[in-house]
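Descriptive analysis of the structure
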Amino acid sequence: MSNEGNLMKGEAARGLIFNEPLIFKKGKKGRTGCDLPEKLFPSTKPEKLIGASLLRGKAADMPEVSEPEVVRHFTRLSQWNFGVDSGFYPLGSCTMKYNPKVNELAAGLEGFAGLHPLQTDETAQSALQVMFELEKLLCDITGMDAGTLQPAAGAQGELCGMMAIRALLEKRGNARKKVLLPDSAHGTNPASAALCDYDVVSIPSGPDGLIDIKKLKEAMDKDTAALMLTNPNTLGLFEKDIKKICAIVHAKGGLVYSDGANLNALLGKARFGDMGIDVCHVNLHKTFATPHGGGGPGSGPCLVKKELKPFLPVPLVIKSKGKYSLKWDSKNSVGAFHGFNGNFSVLLKAYTYILTMGAAGLKDISEAAVLNANYVRAKLKGYYDIPFDRYCMHECVLSDKIQNEHHVTTLDIAKALIDRGFHPPTIYFPLIVKGAMMIEPTESESKETIDTFIEAMIEIAELAKTDPEAITSAPLNAKVKRMDETKAARHPDLNCCT
Ligand SMILES: *Cc1c(COP(=O)(O)O)cnc(C)c1O
């Protein structure tokens, strides 16, 4: 009987480990990967092309390598990396789901990939149609009225939303001074509020991990512009009193922003707009299946209720008499957020993903994502401390409290998972849980894979008791062993692992 999950532990997790020197250390003087035909590329002296004054005194020290050397070099580097296509990646708050390849196919279609952003609207009708329809789909999914696809990431979507809130309040006569944030908030939230010149006020979470309504009531006043929250919050818990929370903020003339990074838990089930939220962003690269991690490109559309629509960035994508066009004049707009129209290929992937899933498929996603997270939580109960032990949404948060008795920490557990062929979960976030491990299995994993991960977590918990050094010395199978993480970030030594 085959069991794909089991392939991930034992020998297969170790793989073939090659040594790969820096490319500068490979090759030989005079070696090249390709020869250009003399007829097409006559060897013109560089000084003739750019002028002698612009030439460097000594030729740059470039690697001189053959084609197979280049191919093997970069293939090996890619194999040293870990991605969703190579294994289980339960990085909480990041929704590292499998990204269907059909999305890439759509984004690579020549008619789209070959478009130039300066083409006229008439010659780019299909691209405009995709943007117009994607905006509508996202409004439908989140229960909002209008939006912009420009922001290049969730963080920029937050900035856009907070700028729109500020602009609306200014128009009403008073931009106000403060923004309230639960203490479990992602770091980008206070940063976005501060960039809009607001003072950030932290609201402590209650013992149930949710916003403390009493404290919120005390803090909410006529100097407060908005409450920024995440629902489900960063502990993976649904803010069940969200309607009441919105009413408290609205009663004093404030607005409510919801960070939509955890939308994978709500698809087809609940909508921000129906909860009373005024502005949100969604992370297309998380919820809507675009490969991410390592810096993008991402996309963080910002969606708003109609009273905030006049402040959205330009250009807006509009449809009139069956034709699509970009509308640049919008007198109250907060301005443009991106050159042209955002990261268009990410928009195409999200559009393809949403259409291939359909409404019923989107519902299945959140049901499976929530089921999987609860399965992990229930199976690891007793082995790990679960600070808020009740039904969670699409992710669960554990801590290293039990392992601390044997001087084993969350970092050690993360490293021991690497030895067992898994990407570690998010660690030490949210900050309000000491030694947090935030596990988000997503909907796209098989039960066998999740079971293998659970087995590894249990094995680690048991070793932490009986042979703690086996865990604190991890990783032993990885290419790079335990590092001084600060030094590795500040003074990277690319030679260290060859
Ligand atoms: C990922 C994330 C963000 C930021 O999104 P980016 O797309 O990385 O800028 C904000 N809030 C939460 C809760 C997140 O998980």
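Not measured: the values here are computed from a predicted model. (Residues numbered from 1 in each chain as written. Predicted model: local features only at pLDDT ≥ 70, side-chain atom pairs only at ≥ 80, totals over all residues. Heavy atoms only, no water.)

**Points about the environment of P232**
Mapping P232 onto the fold places it in the loop between β4 (224-230) and α10 (242-251). The spacing of P232 and L210 is 22 residues in sequence and 9.6 Å in space, taken between C-alpha atoms. In this view, P232 contacts L237, F238, N262, A265, L266, M393 and H394; residues no more than four positions away in its chain are not counted. (Helix = DSSP H or I, 4+ residues; strand = E, 2+ residues; numbered from the N terminus. Contact = heavy atoms within 4.5 Å.)

**With respect to the domain arrangement of the protein**
Under the domain assignment, the protein is made up of domain 1 (102-356) and domain 2 (366-489). A straight line from the C-alpha centre of domain 1 to that of domain 2 covers 31 Å. Of the residues lining the interface, 23 residues belong to domain 1; the matching set on domain 2 comes to 18 residues. Across the contact surface, domain 1 and domain 2 share 1 salt bridge. Linking E367 and K269 is a salt bridge whose minimum nitrogen-to-oxygen distance equals 2.5 Å. For the pair domain 1 and domain 2, the interface holds 6 residue pairs in polar contact (both at pLDDT 80 or more). Along the lines of polarity and charge, the residues of the side of domain 1 that touches domain 2 split into 11 nonpolar, 9 polar and 3 charged. (Domains from an automatic or database assignment. Salt bridge = Lys/Arg side-chain N within 4 Å of Asp/Glu carboxyl O. Polar contact = N/O pair within 3.5 Å; in protein donor to acceptor, adjacent residues only side chain to side chain. Nonpolar A, V, L, I, M, F, W, Y, C, P; charged D, E, K, R; others polar.)

**Side note on empty space enclosed by the protein**
Any space left empty among the atoms is revealed by the rolling of a water-sized probe across them. In this structure the tally under the stated criterion is 2 cavities of 30 Å³ or more. Reported here for the largest cavity is a volume of approximately 90 Å³. Taken together, M131, E135, G147, T148, L149, Q150, P315, L316, V317 and N341 form the lining of the largest cavity. One number sums up the size of the second largest cavity: a volume of about 70 Å³. Of the residues assigned to the lining of the second largest cavity, the class counts are 8 nonpolar, no polar and 3 charged. (1 Å grid on protein atoms, 1.4 Å probe; cavity = no way out; pocket = protein on both sides within 12 Å on 5 of 7 lines; lining within 4 Å. Points joined across faces, edges and corners; volume = space filled by probe spheres on them.)

**Points about the pairing of strand β10 (residues 396-399)**
Residues C396 and L398 line one face of β10 and the alternating positions V397 and S399 line the opposite face, and both faces are buried. Bridge analysis of β10 against strand β12 (residues 436-439) gives 4 bridges, and the strand direction is antiparallel. When the bridges of β12 are listed, V397 appears paired with M438. (Buried < 20%, exposed > 50% of the residue type's maximum accessible area, 1.4 Å probe, protein only. Pairing = 2+ DSSP bridges.)

**Re the packing of helix α13 (residues 344-380) against helix α16 (residues 447-466)**
With their axes 10 Å apart at the nearest point, α13 and α16 run at an angle of 30° to one another. In terms of axis orientation, α13 runs roughly parallel to α16. Between α13 and α16 the crossing geometry is right-handed. Packed against α13, whose contacting residues are N372, Y375, V376, K379 and L380, the element α16 presents K447, I450, D451, F453, I454, M457 and I458 at the interface. Per-class residue counts for the contact of α13 with α16 are 8 nonpolar, 1 polar and 3 charged. (Axes fitted to C-alpha atoms, helices over the stretch in contact; angles between N-to-C directions. Parallel < 35°, antiparallel > 145°, perpendicular 65-115°, else oblique. Left-handed = near helix turned anticlockwise from the far one by under 90°.)

**Re the environment of D140**
Inspection of the secondary structure puts D140 in helix α6 (residues 125-142). By relative accessible area, D140 is classed as exposed at 52%. As a C-alpha pair, D140 and M438 span 298 residues in sequence and 29 Å in three-dimensional space.

**Some details on the site of the ligand**
The local shell around the ligand consists of S93, A153, G154, A155, E158, H186, T188, D259, A261, N283, H285 and K286. Backbone polar atom of G154 to an oxygen atom of the ligand: 2.8 Å apart, as the coordinates give it. Contact with the protein chains covers 87% of the free accessible surface of the ligand, which is 380 Å². Among the residues forming the shell around the ligand, the class breakdown is 3 nonpolar, 6 polar and 3 charged. (Near = heavy atom within 4 Å. Areas by Shrake-Rupley, 256 points an atom, 1.4 Å probe, with all protein chains shown as cover.)

**Structural notes on the packing of aromatic side chains**
Taken as a whole and assessed by the stated rule, the structure comprises 7 aromatic pairs. Judged by centre distance (6.5 Å) and plane angle (70°), the ring pair of F288 and Y353 falls under edge-to-face. Of the two residues, F288 is situated in the loop between α12 (284-287) and β7 (302-304) and Y353 in helix α13; the sequence distance between them amounts to 65 residues. Classification of F288 as buried rests on a relative accessible area of 0%. Counting every residue linked through ring pairs, the aromatic cluster contains F88, F422 and F453. Its end group placed over the ring of F132, K136 keeps NZ or CZ at 4.6 Å from the ring centre. (Phe/Tyr/Trp six-rings, centres within 6.5 Å; stacked < 30°, edge-to-face > 60°. Lys NZ or Arg CZ within 6 Å of the ring centre and 35° of its normal.)

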